[in-house]
Amino acid sequence: MIFLRLIWNYLLIGLFGFGGGYAMLALIENLIVGQGWITEKMFTDIVAISQMTPGPIGINSATYIGYVAPQANGFAGWYWGIFGSVLCTLVVVLPSAVLVTYTSHLIHRHRDTVYLKGMFAGLRPVVVGLIASAAMLLMNGANFGTDTRSVCFSVGICVAAFCGVFFAKWHPILVICLAAVAGLIIFY
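Parameters and conventions
Residues numbered from 1 in each chain as written. Predicted model: local features only at pLDDT ≥ 70, side-chain atom pairs only at ≥ 80, totals over all residues. Heavy atoms only, no water. Axes fitted to C-alpha atoms, helices over the stretch in contact; angles between N-to-C directions. Helix = DSSP H or I, 4+ residues; strand = E, 2+ residues; numbered from the N terminus. Parallel < 35°, antiparallel > 145°, perpendicular 65-115°, else oblique. Left-handed = near helix turned anticlockwise from the far one by under 90°. Contact = heavy atoms within 4.5 Å. Nonpolar A, V, L, I, M, F, W, Y, C, P; charged D, E, K, R; others polar. Expected span 1.5 Å × (residues − 1). Buried < 20%, exposed > 50% of the residue type's maximum accessible area, 1.4 Å probe, protein only. Arc of directions from axis to C-beta. Core = buried A, V, L, I, M, F, W, Y, C linked by side-chain atoms within 4.5 Å. Polar contact = N/O pair within 3.5 Å; in protein donor to acceptor, adjacent residues only side chain to side chain. Disulfide = S-S within 2.5 Å. Salt bridge = Lys/Arg side-chain N within 4 Å of Asp/Glu carboxyl O.

J.: Even after reading the chapter, I still don't get the packing of helix α1 (residues 2–16) against helix α5 (residues 78–109), so can you show me in this structure?
T.: The axes of two packed helices give the description: the angle between them and the distance between them. Between α1 and α5, the least distance of the axes is 8 Å, while the angle of their chain directions is 30°. Overall, the two elements α1 and α5 adopt an arrangement that is roughly parallel. Classified by chirality, the crossing of α5 by α1 is right-handed. Taking contact as the criterion, the partners of Phe-3, Leu-6, Ile-7, Tyr-10, Leu-11, Ile-13, Gly-14 and Leu-15 in α1 are, on α5, Trp-80, Phe-83, Gly-84, Leu-87, Cys-88, Val-91, Val-92, Leu-94, Pro-95, Ser-96 and Leu-99. Each residue belonging to the contact of α1 with α5 can be placed in one class, and the counts come to 16 nonpolar, three polar and no charged.

J.: Can you walk me through helix α3 (residues 40–52) in this structure?
T.: An ideal rise of 1.5 Å per residue puts 18 Å on 13 residues; α3 measures up with 19 Å between its terminal C-alpha atoms. Considered for burial, the residues of α3 that qualify are Phe-43, Thr-44, Ile-46, Val-47 and Ser-50. Buried residues of α3, seen end-on, are gathered within an arc of 155° and therefore sit on one face of the element. Where α3 is buried, its residues meet α2 (25–33), α4 (57–72), α6 (114–137) and α7 (141–144).

J.: Can you help me understand the nonpolar core in this one?
T.: Most often, soluble globular proteins have nonpolar side chains that are buried together. Leu-6, Tyr-10, Ile-13, Ile-32, Ile-38, Phe-43 and Ile-65 are the most contacted members of the largest nonpolar core, which has 28 residues in total. Secondary structure elements with two or more residues in this core: α1, α2, α3, α4 and α5.

J.: Looking at this model, I keep getting lost on the side chain of Asn-60. Mind explaining?
T.: Inspection of the secondary structure puts Asn-60 in helix α4. Looking at Asn-60, the relative accessible area reads 16%, which means it is buried. Here Pro-54 takes part through its backbone oxygen, which lies 3.4 Å from a polar atom of the side chain of Asn-60. Setting aside residues no more than four positions away along its own chain, Asn-60 makes contact with Ser-50, Thr-53, Pro-54 and Gly-55.

J.: Looking at this structure, how should I read the state of the cysteines?
T.: Simply put, disulfide is the name for a covalent bond between the sulfur atoms of two cysteines. Taken as a whole and judged by the stated rule, the model has zero disulfides. Unpaired in terms of disulfides, Cys-152 finds its nearest cysteine sulfur in Cys-158, a separation of 13 Å. No disulfide involves Cys-177; its sulfur sits 18 Å from the nearest other cysteine sulfur, which is in Cys-158. Among the residues examined, Cys-177 registers a relative accessible area of 44% and is labelled partly exposed.

J.: I keep staring at unusual backbone geometry and nothing clicks. Help me out?
T.: Leaving glycine out, the prevailing phi sign among residues is negative, and the prevailing peptide bond configuration is trans. The phi torsion at Lys-169 lies on the positive side, around 60°, for a residue other than glycine. Checked against the element boundaries, Lys-169 lands in the loop between α8 (148–166) and α9 (172–187). Overall, Lys-169 belongs to the exposed group, its relative accessible area being 63%.

J.: Help me understand the pattern of salt bridges in this model?
T.: Close approach of charged atoms lets side chains of opposite charge pair. The final tally for this structure, using the stated rule, is one salt bridge. Here Lys-41 makes a salt bridge to Asp-45, at a shortest N to O gap of 3.1 Å. Of this pair, Lys-41 and Asp-45 both sit in helix α3, four residues apart, which is roughly one turn of that helix. Overall, Asp-45 belongs to the partly exposed group, its relative accessible area being 33%.

J.: Explain the packing of α2 against α4 to me, please; I cannot follow it from the model alone.
T.: Put simply, α2 and α4 touch, their axes get as near as 11 Å, and they point 15° apart. Considered as vectors, α2 and α4 are oriented roughly parallel to each other. Once α2 is placed against α4, the crossing between them reads as right-handed. Facing α2, whose interface residues are Leu-25, Ile-28 and Ile-32, α4 presents Ile-57, Gly-58, Ser-61 and Ile-65. Residues of the contact of α2 with α4, tallied by class, amount to five nonpolar, two polar and no charged.

What follows is the structure in structure tokens.
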């Protein structure tokens, strides 16, 4: 049944999604797009929408995928979508809530130990690697186009956005607005 599979997959995402939304994108893509519940194009659209709406990417994507997955599997009616949204949102948050609740005291008490410092020293580079993996995952035909012109313009916008934020210290909202205007001018 689709709802049991959603519960299992979002428990895995919630339990092993270290480093925040960008770091868990590869896991979400593997478990959700791999199941055929959504297409790769829908996944990249979900990532874009999740970045623009308030809240974490992982939770926003869980809400959206929980809405569309039942309908893609024969459960007609908006109420199944609402049920799936609530279910996926709660399940993806559950592991983190439990872990934080039960480990915060332990971490606070042992924060100066060599073991805990070593664990966190090992997790930090993993998070950077997972975020880099998410960036590479999103560099696909759905985001950059498939013809040479689209790819060149898309790479140019990507590089300009990176340079504007990283080197020129432009505000991300300004970069988003400029990219939207550039997209309107270049692609339409």
